[in-house]
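Below, each chain spelled out in residue letters.
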Amino acid sequence: MARRDTHIDWLMIVLYLFIVFFGWMNVYAASQMESNGEFFSLSTSYGRQLLWIGISLAAAFGIMFFNSYFFSAFAYPIYGLALLFLGGVLIVGQAVAGSKSWFVITESLKFQPSEFGKFATALVMAKFMGEKSFSFGGPGSTLFHFFDLPVKLSREGFFALALFFVPAALILLENDTGSTIAFAALFLVFYREGFTGLVLVYALLAVVLLISTVLVDKFIIIAVVLGIAALLALLLRRSRGLMALAILSGVVFSGYVYGTDYLINNVLQKHQRDRILVLVGKVKDPKGVEYNVNQSKIAIGSGGLVGKGYLEGTQTRYRFVPKQYTDFIFSAVGEEWGFLGASLLILAYIGLLSRIVLNAERQKSRFSRIYGYGVASILFAHITINIGMCIGLVPTIGIPLPMFSYGGSSLFSFTILIFTFIKLDSKRSAILS
Amino acid sequence: MNESENKKWIFIGMFAFVGIAFLAKLSVLQIFDPTYKQIANANAIRKLTQYPARGYILDRNGEVLVYNEVSYDLMVVPAELGAPLDTMALCGLADIDIADFRKNLQNIQDQVKARKLGKSTPSPVVKQMSKLEVATLEERMYEFPAFFLQPRILRRYPKPIAANILGYISEVDDKKLKEDPYYRPGDYIGNTGIEKSYEEVLRGKKGVKNIFVDNKGNPHGSYMNGQYDTASVAGQNLTSTLDILIQEYGEKLMAHKKGAIVAIEPESGEILAMVTAPSYDPNLLVGRGIRKNYGKLVMDHNLPLFNRAIMDGYPPGSTFKLLNAAIGLQLGVLTPATRYPCGGGFRVGGHVVGCHSHPGPPDLLFSIQTSCNSYYCAAFRDIVNHGRNTEEGYITWRKYITAFGLGTNFPDSDIPNVKSGLVPQTTFYDKWYGRGKWKPTTIISLGIGQGELKVNALQLANMTAALANGGWWITPHLGKKVDNESIRLFKRNETGINPEYIGIVKEGMQRVMTGGTGRGAQIPGVTSGGKTGTAQNPHGEDHSVFVCFAPADKPKIAVAVLVENAGFGATWAGPIASLMIEKYLFREVKRPDLEKRIMEGVLIKPDPASPTIKPSQL
Ligand SMILES: [Zn+2]
């Protein structure tokens, strides 16, 4: 490992270790009532989590001894295996909380193939787009002209998108919102690699309009959308294509608003609709769908500036936050460590994400860079949704806080995901392909 | 740097944006909004109410009338009802009615479903089981983890007496909950009688213990080492004015009769005994049987839940003549020498108020002794005519009558729900006959205590005490001491009659006992003053009335007895009063034959379904 061409970025490792051990401390706080006196008992959640930390660290250590060409070389077989798992789970998997996304081996040993799918897809995207010749819109890739604008998509670009959408479709079929959104975050990588950012802008617009639709009368929104579209068309009148695009977008989004309104009121299942309504504050239901989030906010809010002290949080200690040591673990941090502790954790995560992106950009190897962006995108989605949910900014979506929540398969997967990048980064001066 | 590489700043910008949004929201939750801290405390800290023991009620000599016994409520925590419950076994261990049990449990579960009741809030399934009833169950409670036994306090009565006077406690109702923030749902409160009027003394003060609880409601030690806890303060004992000896004795005498006895210590206004018959064993309205027994008592046609001693009452009959004599003397209408003719009756228009045959015409003392109707018709006529007009004369007369406590409900007394009875105002007759259209002769029956008058045994006893005192009385009351502190709340009331005139009336009352209608009620070994009465009852046999005080020179006790449908006052009411006084003054009765005749006399048709007291139980 300590060869001359190896440069391990210790900052990423320190941040990883901080998150993992701080996570375990909080899992212990949230599950201490299970304690039977034995500290390392596997009958307790924190005991099992400690075992998984050991296993994960061993795996991380092992990865550092892998040949860094391994990941690039085996990207396709790993991807194939992932597709097999993702397909298989739809047939033989067991439903956990309404989502058919788990292989259940024993009650405490479960495996979620979507975790593996994210890793495999990040690898395969890196491998495929890592080819030097790869481009979404090279010469001869023009499909058609939209007025004066050429619409380009190369064959390899199309193929890259397909590598993403096939597992995405399988995960969507699992009916697990959290996994789907986390996986969808990989799309950000396409943006980095030259795919139009318009898609992301449209996706963001779609979310904003969705929330607006719940809050405001749909005809007001449609009027605003069409008004902005007309204004843009006027400003962009130099290009007939852009003008037409603005008008077309206005019309399509108007239809989207109308359709969304219909969807929310007529198609969405009640619990999905309730979650949206509660999040935007349209419905108050502190005992129902709002319950978990409310308890989480109470725990966090009661922590104050400096927190109640480790193991002193009444909400955490006496289990008032449902599912606290898994999805709502951030509420334990908020209660016992206060605003300062919670901010520190957020900074650690933002620091890790930024470090990964900055490191990715310094890779000589396109493979390493693209994979790095994949890792950052996946982590970013998890952190945003999980913490956002705990503090009431995002609807309740069951998704773990990376390396922090209780759960062995999740911790293990994130460890592999990150340490693979750390390994690749340590060989950043080498060119892999 | 190419364009693609610059995108890293867009990514980092995105991360920073999310991070800042999180910190902003966190600062609102944790620093700027204080409500979450309060809600968190409400979640994790439970205020356990510490119930104080309720004070005992004692008789005037310190004998216990009411004490406490621990009872147990079988509580359920709905959240812990998991495994199938062996209802048969559970009910079998404590002799619980299975149907009732199932119904109550279902009720609780329905309320939990409707979110009216917390899943972890313990609720009572079976209330108020005695220590004996739960003995077997207690040992095997561990078999039913969702259940536990909550000790509570139950009132107990060593003797089955004074039920209507002591009153009972029951769960506080919604109205009271709204009025008084002290009470919480499920608390017990004195509902009637002494339990009601001395509620604040007897209940003590609840304490609070703050403990940590988890999401299931399990306790986890005290909050802040009990810094915010308050200890409960035990209720104070109330020494009542009742004398258990004559209270019990009176109830025995009144067995199988309808009516009331009130005995008062004249100089203090203390009620020595208040008997209403028929009555019931107060232990019946305690614990599990309360609902069933209460239902039966309510249905009893003899109305055992009704306190006849303080009801609206009946015409006082001839006992009323005492007041007319006193008022006549006071107004100068009568002198001891005043005589009115009696030819067997008093003529009013074409109507005659009859009188029995006696030597005549009587003077004042003899008129009391022989209870001459004609004398008091004439006296009443002259009393009212003494005013400038009928209305003014009547108002003056009425002022004196009410000054004896008749027609009032003793508002400063500690006896709840006393009825005023009726001494009509002039407006009453104005409405009846028209203003200015009635004369003393129109309402002449008031002279002999009949007509529209309504008085109860408490008012008659008080009137007798006022006469015994020589013209004043202390508001009659039931409370004597709170712990060791005397209660001095009750005021002295003046009748406005010169003691000298009262003395003449008392002299007449003594003659009643020695040579008049009260001869059969004489008390061996002590001089006394009394007066018989018969309240006309248009619905059946007349009611028997007797008032009496003794010893004549220094009265220690004044008694009024009212026996419904018992005919002439001397037959039942007189002997009962006489026996009560003998028992009180000498602590024993040496007239077993009379005692036996009275106790075994049956004047009502008992309700066979009612759990009222049989004489043998006393
Ligand atoms: Zn006569």
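Residues numbered from 1 in each chain as written. Chains lettered and ligands numbered in written order. Predicted model: local features only at pLDDT ≥ 70, side-chain atom pairs only at ≥ 80, totals over all residues. Heavy atoms only, no water.

1. So, the packing of aromatic side chains
- Scanning the entire structure with this criterion turns up 54 aromatic pairs over all chains.
- With centroids separated by 5.7 Å and ring planes inclined at 80°, the aromatic side chains of Phe22 of chain A and Phe404 of chain A adopt a geometry described as edge-to-face. Note that Phe22 of chain A is positioned in helix α1 (residues 10-31) and Phe404 of chain A in the loop between α16 (366-390) and α17 (408-426), a separation of 382 residues in sequence. The same class applies to Phe22 of chain A as to Phe404 of chain A, namely buried.
- Ring geometry for Tyr318 of chain A against Phe212 of chain B: centres 5.4 Å apart, planes inclined by 35°, an arrangement best described as tilted. Placement of the pair is Tyr318 of chain A in the loop between α14 (314-317) and α15 (329-361) and Phe212 of chain B in strand β8 (residues 207-213), with the two residues belonging to separate chains.
- Given the relative accessible area of 15%, Phe212 of chain B is considered buried.
- The structure contains a cluster of three or more aromatic residues connected by ring pairs, namely Phe128, Phe134, Phe136, Phe159, Phe164, Phe165, Phe183, Phe187, Phe190 and Phe195 of chain A. (Phe/Tyr/Trp six-rings, centres within 6.5 Å; stacked < 30°, edge-to-face > 60°. Helix = DSSP H or I, 4+ residues; strand = E, 2+ residues; numbered from the N terminus. Buried < 20%, exposed > 50% of the residue type's maximum accessible area, 1.4 Å probe, protein only.)

2. Considerations on the interface of chain A and chain B
- With 46 residues of chain A at the interface, the matching set in chain B holds 34 residues.
- Summed over both sides, the interface between chain A and chain B buries roughly 3600 Å², with carbon and sulfur atoms accounting for 75% of that surface.
- Interface area lost by chain A to chain B is led by Tyr191, Tyr318 and Phe339 of chain A, which between them contribute 17%.
- The interface formed by chain A and chain B holds zero salt bridges in total.
- Here chain A is connected to chain B by eight residue pairs in polar contact (both at pLDDT 80 or more). (Contact = heavy atoms within 4.5 Å. Buried area = accessible area lost by both parts, 1.4 Å probe. Salt bridge = Lys/Arg side-chain N within 4 Å of Asp/Glu carboxyl O. Polar contact = N/O pair within 3.5 Å; in protein donor to acceptor, adjacent residues only side chain to side chain.)

3. A word on the sheet that holds strand β9 (residues 219-222) of chain B
All names here are of chain B.
- Reading across the sheet, the three strands line up as β1-β8-β9 and stay open at both edges, with antiparallel pairing between neighbours. Of all the strands in the sheet, the pair left with one neighbour each is β1 (45-50) and β9. Neighbour-to-neighbour, the strand axes of this sheet turn through a mean angle of 45°, independent of strand direction.
- Relative to the sheet, helix α2 (residues 35-44) contacts β1 and β8, its axis offset from that of β1 by approximately 55°. (Pairing = 2+ DSSP bridges. Axes fitted to C-alpha atoms, helices over the stretch in contact; angles between N-to-C directions.)

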